[in-house]
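Fold and contact review
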Amino acid sequence: DCDVPNLNNGTFLHANNLRALYAASGSQYWDGNNAQFAFDYSEGSFATIFAQGLWMGGLDPAANLKLTASSYGAASGEHDYYPGPLDDPGETNNGTCSNYDRAWSVFRYQIEAHQADFADNGVIDNPDPAILGWPGRGNPAFSAIYGFELPNTVQGLAPFWDIDQDGNYEPLDGEYPIEAQHQIIPEQMVWTIFNNRGNFQQDSSSPNLTPTEIHCLAWALDCTDNELLNNSVFTSYRFIHRGIESLDSVGIGLWTDFDLGCFTDDFLGSAPELNTYFSYNADNDDNIPCVGNVPGFGVDPPVQAITFLNQDLAKFIYADNESIGIPGASSPATPAE
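Residues numbered from 1 in each chain as written. Predicted model: local features only at pLDDT ≥ 70, side-chain atom pairs only at ≥ 80, totals over all residues. Heavy atoms only, no water.

**Re the pairing of strand 17 (residues 304–307)**
On strand 17, burial follows the alternation: Gln304 and Ile306 on one face are buried, whereas Ala305 and Thr307 on the facing-out side are not. As paired strands, strand 14 (residues 276–281) and strand 17 are joined by four bridges and run antiparallel to one another. Note on strand 17: the bridge partner recorded for Thr276 is Thr307. (Buried < 20%, exposed > 50% of the residue type's maximum accessible area, 1.4 Å probe, protein only. Helix = DSSP H or I, 4+ residues; strand = E, 2+ residues; numbered from the N terminus. Pairing = 2+ DSSP bridges.)

Below, the structure is given as structure tokens:
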């Protein structure tokens, strides 16, 4: 079991106007202090999302509901996910959990320098630790940098440009990290790996879902001539089933706690035809001052949208948190809810 009490180590993705924390604990953006999904204007940081968590569930062969659902997660001391990969039986241990309680990051300038270095004479003369230590399957340089071996699984690990198509990451042979769906090199990429088997599911209080390993790749583009792209973060999840028990009627979703600047006047909406849900301000003036001196956007506040690019938005539902003082309102507290 994973017995590290407060796993929340990660890396900021900050390649354009946005800044977002990605950790290996299945929860995103909030670190328990001031980190949130935020705009970084010259006068300071303005949040649009407080926290986000990955949800997935399904029915076992006996039609029992199994769920893994993270909300504030590790930052609040409640885990449903734990860092690291799973072995073939779908198990893990505390050593693996500690080793993978981190996020790997690489920038475009590092990849381009690596490409130029190899193109010069077919040799990497000045290896960059971020590229040399990228957790691609079969990386021969990885253990010397991090002190532990990567698992050799057929599903692979962090994505990379496989020049010789042998399935192994070989940075000294000119290979480099890549976002596999496009040819363009992002300004920054962040990769984490986590699972739902490290210990008890403290956040959802649900019976453990069949063992699942999740790879998360987040990336951003620096496009000052394209306002949409310059205010976007892309995230790809890869799910690997490591258990014996099958699941039926599986659903996967995102739980999002929007804080659009001042959080006291946020509204929610969805656009199913666009596979999108979003938060917007109640009027055209985001409250300043806000409760707790939270920075508000003032006049002309933005909208924060989340869009699924390769899956349909099948359902959208909201819950009022009872802590905001609405009589009879509450957050989901049981697997069925």
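Now that the structure has been shown, the text picks up again.
**Some words on the state of the cysteines**
Considering all chains together, one arrives at two disulfides under this definition. For Cys2, the disulfide goes to Cys97, at an S-S distance of 1.8 Å. Across the S-S bond linking Cys2 and Cys97, the dihedral sits near -55°, which makes this disulfide left-handed. Here the residue Cys2 occupies a position in the segment before strand 1 (10–13), and Cys97 occupies one in helix 1 (residues 94–99), the gap between them amounting to 95 residues. Note on accessibility: Cys2 and Cys97 belong to one class, buried. Each disulfide pairs two cysteine sulfurs, and for Cys262 the partner residue is Cys290, the sulfurs being separated by 2.2 Å. Its S-S torsion of approximately 75° makes the covalent link between Cys262 and Cys290 right-handed. (Disulfide = S-S within 2.5 Å.)

**Quick look at the pattern of salt bridges**
Considering all chains together, one arrives at six salt bridges under this definition. The residue Arg108 makes a salt bridge to Glu187 at a minimum N-O spacing of 2.8 Å. Of the two residues, Arg108 sits in helix 2 (residues 108–121) while Glu187 sits in the loop between helix 4 (142–146) and strand 9 (188–195), which places them 79 residues apart along the sequence. On the basis of relative accessible area, Glu187 is assigned to the buried category, the value being 19%. Salt-bridge contacts for Arg242 lead to Glu213; the nearest nitrogen and oxygen are separated by 3.2 Å. Here the residue Arg242 occupies a position in the loop between strand 11 (234–241) and strand 12 (248–258), and Glu213 occupies one in strand 10 (residues 212–220), the gap between them amounting to 29 residues. In terms of burial, Arg242 and Glu213 fall into one category: buried. (Salt bridge = Lys/Arg side-chain N within 4 Å of Asp/Glu carboxyl O.)

**Remarks on the sheet that holds strand 13 (residues 266–271)**
In space, the three strands of this open sheet follow the order 13-14-17, with antiparallel pairing throughout. Looking at the sheet topology across the chains shown, the edges are occupied by strand 13 and strand 17. Pairwise comparison of adjacent strand axes, ignoring direction, gives a mean angle of 15° for this sheet. (Axes fitted to C-alpha atoms, helices over the stretch in contact; angles between N-to-C directions.)

**As for the environment of Asn139**
On the secondary structure map, Asn139 appears in the loop between helix 3 (129–132) and helix 4. Residue class for Asn139 comes out buried when judged on its relative accessible area of 7%. It is 18 Å that separates the C-alpha atoms of Asn139 and Gln110, two residues lying 29 residues apart in sequence. Discounting chain neighbours no more than four positions away, the residues touching Asn139 are Leu132, Gly133, Trp134, Leu150, Tyr169 and Pro171. Within polar-contact distance, the side chain of Asn139 engages the backbone oxygen of Trp134 at 2.9 Å. Looking at Asn139, its side chain comes within polar contact range of the main-chain nitrogen of Ala141, at 3.0 Å. (Contact = heavy atoms within 4.5 Å. Polar contact = N/O pair within 3.5 Å; in protein donor to acceptor, adjacent residues only side chain to side chain.)

**Details of the pairing of strand 13**
As defined by bridge partners, strand 13 adjoins strand 14 across six bridges and the pair is classed as antiparallel. Bridging across to strand 14, Ser270 finds its partner in Tyr277. Connecting strand 13 to the next strand, strand 14, in antiparallel fashion are four residues, including Asn275 with a positive phi near 55°.

**Looking at the side chain of Thr48**
One can find Thr48 in strand 5 (residues 44–59). Within polar-contact distance, the side chain of Thr48 engages the side chain of Gln304 at 2.8 Å.

**Things to note about helix 2**
Taking 1.5 Å of rise per residue, the 14 residues of helix 2 would be expected to cover 20 Å, and the 21 Å separating its terminal C-alpha atoms lies within 8% of that figure. For helix 2, every residue scored as buried is listed here: Gln110, Ile111, His114 and Asp117. Buried residues of helix 2, seen end-on, are gathered within an arc of 125° and therefore sit on one face of the element. Turned more than 90 degrees off the buried face of helix 2, the exposed positions are Tyr109, Ala119 and Asp120. Where helix 2 is buried, its residues contact strand 8 (104–107), helix 3 and strand 9. (Expected span 1.5 Å × (residues − 1). Arc of directions from axis to C-beta.)

**Section: a nonpolar patch on the surface**
Together, Phe239, Val250 and Ile252 line one region of the surface with nonpolar side chains, adding up to about 260 Å² of accessible area. Mapping Phe239 onto the fold places it in strand 11. Overall, Phe239 belongs to the partly exposed group, its relative accessible area being 31%. (Patch = residues over 30% accessible without salt bridge, like charges linked within 9 Å, V, L, I, M, F, W, Y side chains within 5 Å. Areas by Shrake-Rupley, 256 points an atom, 1.4 Å probe, with all protein chains shown as cover.)

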